[in-house]
Amino acid sequence: MATEIERKFLVTDPSVLEGREGTRLEQGYLPVEAPASVRVRLSEGAAGSRAFLTIKQGESARRRLEFEYPIPVADARELLAATCGAARVRKTRYRVPWAGRDWEVDRFEDENAPLLLAEVELEDEAAAVELPPWVGREVTDDARLSNVRLCRTPLARWPEAERRALLGEES
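None of these values were measured; they are calculated from a predicted model. (Residues numbered from 1 in each chain as written. Predicted model: local features only at pLDDT ≥ 70, side-chain atom pairs only at ≥ 80, totals over all residues. Heavy atoms only, no water.)

Caption draft 1: Geometry of the environment of Asp 13. With respect to the helices and strands, the residue Asp 13 is situated in the loop between strand E1 (3-11) and strand E2 (23-30). Assessed through its relative accessible area of 34%, Asp 13 is described here as partly exposed. In this structure, the C-alpha to C-alpha distance between Asp 13 and Trp 134, residues 121 residues apart in sequence, is 4.8 Å. One polar contact links Asp 13 to Ser 15, side chain to side chain, over a distance of 2.6 Å. (Helix = DSSP H or I, 4+ residues; strand = E, 2+ residues; numbered from the N terminus. Buried < 20%, exposed > 50% of the residue type's maximum accessible area, 1.4 Å probe, protein only. Polar contact = N/O pair within 3.5 Å; in protein donor to acceptor, adjacent residues only side chain to side chain.)

Here it is as structure tokens:
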């Protein structure tokens with residue numbers, strides 16, 4: 001059984017991504033009952049195109065079961081088109097090492113721009129994490145910022161006051 005334990009933070013300093021090469025991701029979610037999700041992800045980067053089917057199960061945003069399987073790229077494209085339609089998340093993912101851990105920083109596109117989120121995977125929920133200076137508020141437990149929710153209700157469709165508050169914009 002695979003368990004994913006992660007914490008998620010808003011990125012406050014986008015300059016951390018300058019000069020870094022990222023991997024473009026496009027993903028959609030198949031219709032299933034919460035608290036499970038089934039994600040189709042197409043990954044395009046320096047290593048070429050790859051695709052995965054991921055099943056996540058769990059009530060907690062910090063700790064979930066996660067199973068991921070490679071699938072043919074053509075199958076992923078077909079599933080995204082046939083099942084997910086326009087409800088997709090597009091982002092570029094960057095790997096940023098900090099204090100002995102690999103952080104993943106996602107720069108969201110389209111209706112979720114200019115959102116920048118950083119995630120760090122942990123060995124257990126009590127693991128100590130040294131926070132980099134380029135992250136701000138922790139948003140692990142903010143369900144609105146899960147990729148499945150951003151797919152269904154992108155940032156651009158949030159009430160303006162909520163969006164501005166999240167992004168730290170003045171009214």
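Caption draft 2: Examining the pattern of salt bridges more closely. Within this structure, the stated rule accounts for 22 salt bridges. In this structure, Glu 4 engages Arg 64 in a salt bridge whose closest nitrogen and oxygen atoms are separated by 2.7 Å. With Glu 4 in strand E1 and Arg 64 in strand E5 (residues 63-71), this residue pair connects regions lying 60 residues apart in the sequence. Arg 64 shares its class with Glu 4; the two are buried. Arg 39 serves as the salt-bridge partner of Glu 68, at 3.2 Å between the closest nitrogen and oxygen. In this pair, Glu 68 sits in strand E5 while Arg 39 sits in strand E3 (residues 36-45), placing the two residues 29 residues apart along the sequence. (Salt bridge = Lys/Arg side-chain N within 4 Å of Asp/Glu carboxyl O.)

Caption draft 3: Quick look at helix H1 (residues 73-84). In a regular helix each residue adds 1.5 Å, so 12 residues correspond to 16 Å; H1 covers 15 Å between its end C-alpha atoms and thus fits that length. For H1, the elements touching its buried residues are E2, E3, strand E4 (48-57) and E5. Two residues or fewer past H1, Gly 85 is found with a positive phi of approximately 55°. (Expected span 1.5 Å × (residues − 1). Contact = heavy atoms within 4.5 Å.)

Caption draft 4: Inspection of the packing of aromatic side chains at higher detail. Evaluated as defined, the whole model comprises two aromatic pairs. Ring centres of Phe 9 and Trp 103 lie 5.7 Å apart, and the angle between their planes is 50°; on these two criteria the pair is classed as tilted. Taken together, the residues Phe 9 in strand E1 and Trp 103 in strand E7 (residues 101-108) connect sequence positions 94 residues apart. Judged by its relative accessible area of 0%, Trp 103 falls in the buried class. Note on Trp 103 and Trp 134: the rings are 5.8 Å apart at their centroids and 75° apart in plane angle, and the pair reads as edge-to-face. You can see Trp 103 sitting in strand E7 and its partner Trp 134 sitting in the loop between strand E8 (116-121) and strand E9 (135-138), a full 31 residues away along the chain. The same class applies to Trp 103 and to Trp 134, which are both buried. Taken together, Phe 9, Trp 103 and Trp 134 form an aromatic cluster joined through their ring pairs. (Phe/Tyr/Trp six-rings, centres within 6.5 Å; stacked < 30°, edge-to-face > 60°.)

Caption draft 5: Local environment of the layout of surface pockets. One number sums up the size of the second largest pocket: a volume of about 160 Å³. As for the second largest pocket, its lining consists of Leu 10, Val 11, Thr 12, Pro 114, Leu 115, Leu 116, Arg 137, Ala 165, Leu 166, Leu 167 and Gly 168. At the level of secondary structure, the elements contributing two or more residues to the lining of the second largest pocket comprise E1 and helix H3 (160-167). For the lining of the second largest pocket, a count of residues per class yields eight nonpolar, two polar and one charged. (1 Å grid on protein atoms, 1.4 Å probe; cavity = no way out; pocket = protein on both sides within 12 Å on 5 of 7 lines; lining within 4 Å. Points joined across faces, edges and corners; volume = space filled by probe spheres on them. Nonpolar A, V, L, I, M, F, W, Y, C, P; charged D, E, K, R; others polar.)

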